[in-house]
Amino acid sequence: MNKLEQQLVFLREIDRLKAVTRQSPLLDGSRRENSAEHSWHLAMYALVLSEYACGSINAHRVMQMLLLHDIVEIDVGDFPIHGGTSSEIQAEQEARAAERIFGLLPQPQADAFLGLWQEFERAETEDAKFAKALDRFQPLLTNVFTDGGTWKESGVSLEQVLARYGPVIARGAPQLWVVCERWVARHFQEK
């Protein structure tokens, strides 16, 4: 296959992300979001909220990471934060999926996309820390504004929310965590 054919194979393959249903509902409560919608929405969060990153970031790279970060769910499905899955098993399955899916692309594009995905997973650079923060911020916002959403379904406590969301959001976007703390306190106070 030539370069264009490989790119089109990849684009057809990632259409399958639209069929991966996540736990999180839409804000209007009409249905659960799919992983493609989640990735697009996070890229918009990066575009709109980049000024709240902890360090100096490249918003374009952050958006790229967020568009790519859940593509592995085509092969392995969604692993909800409150699902209790082993993080080692999840990481291993997702790494295999990343190799397969990004491997559909021509070189050097395959390596570049895989590298962005790996950078997101490691969350060591300022770009990746902010991307990870947004990946936690969006479902927190959704849970707060859907009257507990998946938190209610999974019996998630205030302490669990603070432990699972707080460190990641505070590390990459401290100002967003300040807002989250108010939302979360109000949410659990009203329950």
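Below: a short report on this structure. From a predicted model like this one, the values you see are computed outputs, not experimental measurements. (Residues numbered from 1 in each chain as written. Predicted model: local features only at pLDDT ≥ 70, side-chain atom pairs only at ≥ 80, totals over all residues. Heavy atoms only, no water.)

**Overview of a nonpolar patch on the surface**
Worth spelling out the cut-off: In this scheme, patches are assembled from residues that exceed 30% relative accessible area and form no salt bridge. Like charges are connected within 9 Å, while nonpolar side chains (Val, Leu, Ile, Met, Phe, Trp, Tyr) are connected within 5 Å. Only the protein chains shown count as cover for residues, with accessible areas throughout obtained via the Shrake-Rupley method and a probe of 1.4 Å. What counts as a salt bridge is simple: a side-chain nitrogen of Lys or Arg found within 4 Å of a carboxyl oxygen of Asp or Glu. Each helix corresponds to a stretch of at least 4 residues labelled H or I by DSSP, and each strand to a stretch of at least 2 residues labelled E; elements are numbered beginning at the N terminus.
On the surface, Trp40, Met44, Leu47, Val48 and Leu67 cluster together to form a nonpolar patch covering roughly 500 Å² of accessible area. The element that contributes the greatest number of residues to the nonpolar patch is helix α2 (residues 35-49), accounting for 4 residues. Among the structural elements, methionine 44 can be located in helix α2.

**A look at the side chain of glutamine 6**
What counts, and what does not: When accessible area is computed with a 1.4 Å probe and restricted to protein chains, residues below 20% of their type maximum are described as buried, those above 50% as exposed, and intermediate ones as partly exposed. A contact between two residues is defined here by any heavy atoms of the two lying within 4.5 Å.
Inspection of the secondary structure assignment puts glutamine 6 in helix α1 (residues 3-14). Looking at glutamine 6, the relative accessible area reads 19%, which means it is buried. With residues near it in sequence (within four places) discarded, glutamine 6 still touches Met1, Leu104, Leu105 and Pro106.

**Looking at the nonpolar core**
So the rule is basically this: Put simply, a nonpolar core is a bunch of buried Ala, Val, Leu, Ile, Met, Phe, Trp, Tyr and Cys residues held in one set by side-chain atoms that sit within 4.5 Å of each other.
Among the nonpolar cores identified, the biggest contains 47 residues, and Leu134, Phe137 and Leu140 are the most heavily contacted of them. For this core, the secondary structure elements donating two or more residues are α2, α3 (59-68), α5 (87-102), α6 (109-122), α7 (126-144), α9 (158-172) and α10 (174-190). In terms of residue count, α7 provides more of this core than any other element does, 9 residues in total.

**Digging into the pattern of salt bridges**
The full count for this structure, using the stated rule, is 14 salt bridges. Aspartate 15 serves as the salt-bridge partner of lysine 18, at 2.7 Å between the closest nitrogen and oxygen. Look at aspartate 15 and you get partly exposed, because its relative accessible area is 40%. If you follow the salt bridges from partner to partner, you end up with Glu13, Arg16, Asp75 and Arg100 in one network.

**Structural notes on α5**
This is how it is decided: Given the number of residues in a helix, its expected span is that number minus one, multiplied by 1.5 Å. The directions considered for the arc are those from the helix axis to the C-beta atoms.
In this model, α5 (16 residues) spans 22 Å end to end at C-alpha, consistent with the 22 Å of a helix rising 1.5 Å per residue. Taken as a whole, α5 has its buried residues at Glu94, Ala97, Ala98, Ile101 and Phe102. Taken around the axis of α5, the buried residues stretch over an arc of 105°, which confines them to a single face. Exposed residues on α5 whose side chains face more than 90 degrees from its buried face are Glu88 and Arg96. On its buried face, α5 is in contact with α1, α3, α4 (73-76) and α6.

**Comments concerning the state of the cysteines**
Basically, it comes down to this: Note that a disulfide, as used here, is simply two cysteine sulfur atoms within 2.5 Å.
In total, this model carries 0 disulfides according to the counting rule given. Cysteine 180 takes part in no disulfide bond, and the closest cysteine sulfur, belonging to cysteine 54, lies 15 Å away.

**A look at the packing of aromatic side chains**
The condition that has to hold: Working definition: rings of Phe, Tyr and Trp (its six-membered ring) pair if their centres are within 6.5 Å, and the pair is stacked with planes under 30 degrees apart, edge-to-face with planes over 60 apart, and tilted otherwise.
A complete count under the given rule lists 8 aromatic pairs for this structure. Between the aromatic rings of phenylalanine 10 and phenylalanine 102, the centroid separation amounts to 6.3 Å while the plane-to-plane angle is 35°, which identifies the pairing as tilted. Within this pair, whereas phenylalanine 10 is found in helix α1, its partner phenylalanine 102 is found in helix α5, the two being separated by 92 residues in sequence. This pair shows no difference in class: phenylalanine 10 is buried, exactly as phenylalanine 102 is.

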